[in-house]
Amino acid sequence: MRIGVPKEIKNHEYRVGLTPDSVHEMTAHGHEVFVETNAGAGIGASDADYEACGAKILQTAAEVFETAEMIVKVKEPQAVERAMLRPHHILFTYLHLAPDAEQTADLVKSGATCIAYETVTDAQGGLPLLVPMSQVAGRLSVLAGANSLEKINGGSGTLIGGVPGVEPAKVVVIGGGVVGSHAITMALGLGADVTVLDRNTHVLADLAQTFGSGLKTVYSTKSALEKHVLAADIVVGAVLVAGAAAPKLVTAEMVSNMKPGSVLVDVAIDQGGCFETSKATTHSDPTYVVDEVVHYCVANMPGAVPRTSAYALNNVTLPFALALAGKGAKQALLDDPHFLPGLNVHQGKITCEAVATALGYDYVDPASALEGSAASKAA
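Residues numbered from 1 in each chain as written. Predicted model: local features only at pLDDT ≥ 70, side-chain atom pairs only at ≥ 80, totals over all residues. Heavy atoms only, no water.

Asks: Help me get a handle on the overall build of the protein chain, residues and values and all.
Replies: When helices and strands are tallied, the protein chain shows 14 helices and 15 strands. The globule rule puts the C-alpha radius of gyration for 379 residues at 21 Å, and the 21 Å found for the protein chain is close to it. When the backbone C-alpha atoms are referred to their principal axes, the protein chain occupies close to 70 × 45 × 35 Å. Of all 379 residues assigned to the protein chain, the portion counted as buried reaches 53%. Partitioning the contacts of the protein chain with sequence separation of at least 6, the portion at a separation of at least 24 is 64%. Surface exposure of the protein chain reaches about 15400 Å², of which carbon and sulfur atoms provide 53%. (Helix = DSSP H or I, 4+ residues; strand = E, 2+ residues; numbered from the N terminus. Rg over C-alpha atoms; globule rule 2.2 N^0.38 Å. Buried < 20%, exposed > 50% of the residue type's maximum accessible area, 1.4 Å probe, protein only. Contact = heavy atoms within 4.5 Å. Areas by Shrake-Rupley, 256 points an atom, 1.4 Å probe, with all protein chains shown as cover.)

Listed below in structure tokens is the structure:
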């Protein structure tokens, strides 16, 4: 198969869909890989590094899209990239469609087969292609919150870990999944006073066993959530409903009653955000203030550490990319019941139920969509 890797163009996005090591694997399996010039510069990988692994370097994204059968990216395709998608393309990347009607409409119109990293599952019910970026984002969320607490950045001027004789910052983590657990790791490591809220008692028990008495675990009710949010210096929103828009757990009224100079970090912003006052920001302009509360809502947080992020992502996406290239999309997806949920759009049909529900599309079962397309070709 001909595989294309365009340079990411989202604001301050430095990751790359395939690292040189992954390209080497692809070419060793007999596939051709076409990489846009300087696509790997953000992770320190030169065009020569890619060429040494068997890739061919093309000068523009348009050439990559025109040449390739499968496009491997990191972030959702931007408007100019979506305009280059054709029905024969397989797109393999993060999509986060539920809160993004414009992108969804363009992907439907393109007729392409669009597979989202974030909705691929595993035998344990997890989201394996989301895990490494959730780990990175969870750790970064606390660093971003600590930085935003500084007075020069609009915060209250509180040092997250305090010093002897002065209390540390109170960090509240909403959601005890992968993002939440890594946020907790970082916050405790920095010496903060940390509380986590979750509605799953098994999750709370596991966190209590993992982190011990240094972590406060609280069952999340509306009253408990409000109590702890209003007392917090940093609130990390770490909730996820696979493929769907994030629930708005912290209301605008709650934000208006928070301590002046406190900080909200919304890691769920890719799925629309879990605070009512959230709106997506970029690394070049990461924060804004509502009711004297600093909001950090960068939609591609792991892009700040692209070397770590790109290699961590490739560790989990490469086997699926190899399956797509080796078998074609239809067979690769139908052969693996955990890969199949990754199919979000196919030949103009929405094949992810959460996306269809969020945006008002008719839902088509992914297996049926794939089988239907094969039948129509045969006819």
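That was the structure; now back to the text.
Asks: How would you summarise the packing of aromatic side chains if you had to cite specific residues and measurements?
Replies: Taken as a whole and assessed by the stated rule, the structure comprises four aromatic pairs. On the numbers, 4.7 Å between centres and 85° between planes, the contact of Phe 92 with Tyr 117 is edge-to-face. Taken together, the residues Phe 92 in strand β5 (residues 90-93) and Tyr 117 in the loop between β6 (113-116) and α6 (131-148) connect sequence positions 25 residues apart. Given the relative accessible area of 0%, Phe 92 is considered buried. (Phe/Tyr/Trp six-rings, centres within 6.5 Å; stacked < 30°, edge-to-face > 60°.)

Asks: Any details on the sheet that holds strand β1 (residues 2-5)? Residues and values, ideally.
Replies: The eight strands are arranged β3-β2-β1-β4-β5-β6-β14-β15 in an open sheet whose pairing can be described as mixed. Strand pairing shows two members of the sheet lacking a second neighbour, β3 (56-58) and β15 (349-350), which therefore form its edges. Here β6 runs beside strand β14 (residues 343-346); their pairing, made up of three bridges, is antiparallel. Following the sheet pairing, Ile 115 is matched in β14 by Leu 343. Contacts from helix α11 (residues 306-327) reach β1, β4 (70-72), β5 and β6, with the element oriented near 175° to β5. (Pairing = 2+ DSSP bridges. Axes fitted to C-alpha atoms, helices over the stretch in contact; angles between N-to-C directions.)

Asks: Quick rundown of the pattern of salt bridges? Include the residues and the values.
Replies: If you walk through the whole model with that rule in mind, you get 15 salt bridges. One salt bridge connects Glu 32 with Lys 56, and the closest N-O pair in it is separated by 3.6 Å. You can see Glu 32 sitting in strand β2 (residues 32-36) and its partner Lys 56 sitting in strand β3, a full 24 residues away along the chain. Of the residues examined, Lys 56 reaches a relative accessible area of 41% and is grouped as partly exposed. One salt bridge in this structure joins Asp 270 and Lys 75, with 3.4 Å as the shortest N-O distance. Here Asp 270 is found in the loop between β11 (263-266) and β12 (287-290), whereas its partner Lys 75 is found in the loop between β4 and α4 (79-82), with 195 residues between them in sequence. Put simply, Lys 10, Lys 75, Glu 76 and Asp 270 are held in one network by salt bridges that share partners. (Salt bridge = Lys/Arg side-chain N within 4 Å of Asp/Glu carboxyl O.)

Asks: Requested: an account of the environment of Leu 322, with residues and values cited.
Replies: Mapping Leu 322 onto the fold places it in helix α11. Taking the C-alpha atoms as reference points, Leu 322 and His 202, separated by 120 residues in sequence, lie 36 Å from one another. Once residues lying within four places of it in the same chain are set aside, the contact partners of Leu 322 are Glu 25, Met 26 and His 29.

Asks: Report on the sheet that holds strand β8 (residues 193-198), specifying residues and quantitative values.
Replies: Spatially, β9-β8-β7-β10-β11-β13-β12 is the arrangement adopted by the seven strands of the open sheet, whose pairing is mixed. Of all the strands in the sheet, just β9 (215-219) and β12 have a single pairing partner and so form its edges. The average undirected angle you get between the axes of adjacent strands in this sheet is 20°. The pairing of strand β10 (residues 234-237) with β11 spans four bridges and is parallel. If you follow Val 235 over to β11, its bridge partner there is Leu 264. Contacting β10, β11, β12 and β13 (293-296), α6 crosses the sheet at an angle of about 155° to β11.

Asks: Could you give an account of α11, naming the residues involved and the relevant values?
Replies: For α11, with 22 residues, the first-to-last C-alpha span of 30 Å sits near the 32 Å given by 1.5 Å per residue. For α11, the principal kink sits at Thr 317 and spans about 45°; a proline, Pro 319, occurs within the next four residues. The positive-phi residue at the C-terminal boundary of α11 is Gly 328, with phi of around 85°. (Expected span 1.5 Å × (residues − 1). Bend = angle between axes of the 7 residues up to and from the residue.)

Asks: I'd like a rundown of the nonpolar core, residues and numbers included.
Replies: When a protein is soluble and globular, its nonpolar side chains tend to lie buried together. Counting 43 residues, the largest nonpolar core has Met 26, Val 33, Tyr 50, Phe 92, Leu 324 and Phe 339 as the members making the most contacts within it. Within the residue set of this core, elements represented by two or more residues are β1, α1 (20-28), β2, β4, β5, α11 and α12 (329-335). At eight residues, the largest contribution of residues to this core is made by α11. With near-sequence residues (within four places) excluded, Leu 324 lies in contact with Met 1, Met 70, Ile 90, Phe 92, Ile 115, Ala 329, Ala 332 and Phe 339. Core analysis: the next-biggest nonpolar cluster, separate from the first, contains 31 residues, Ala 187, Val 196, Val 267 and Val 294 among them. (Core = buried A, V, L, I, M, F, W, Y, C linked by side-chain atoms within 4.5 Å.)

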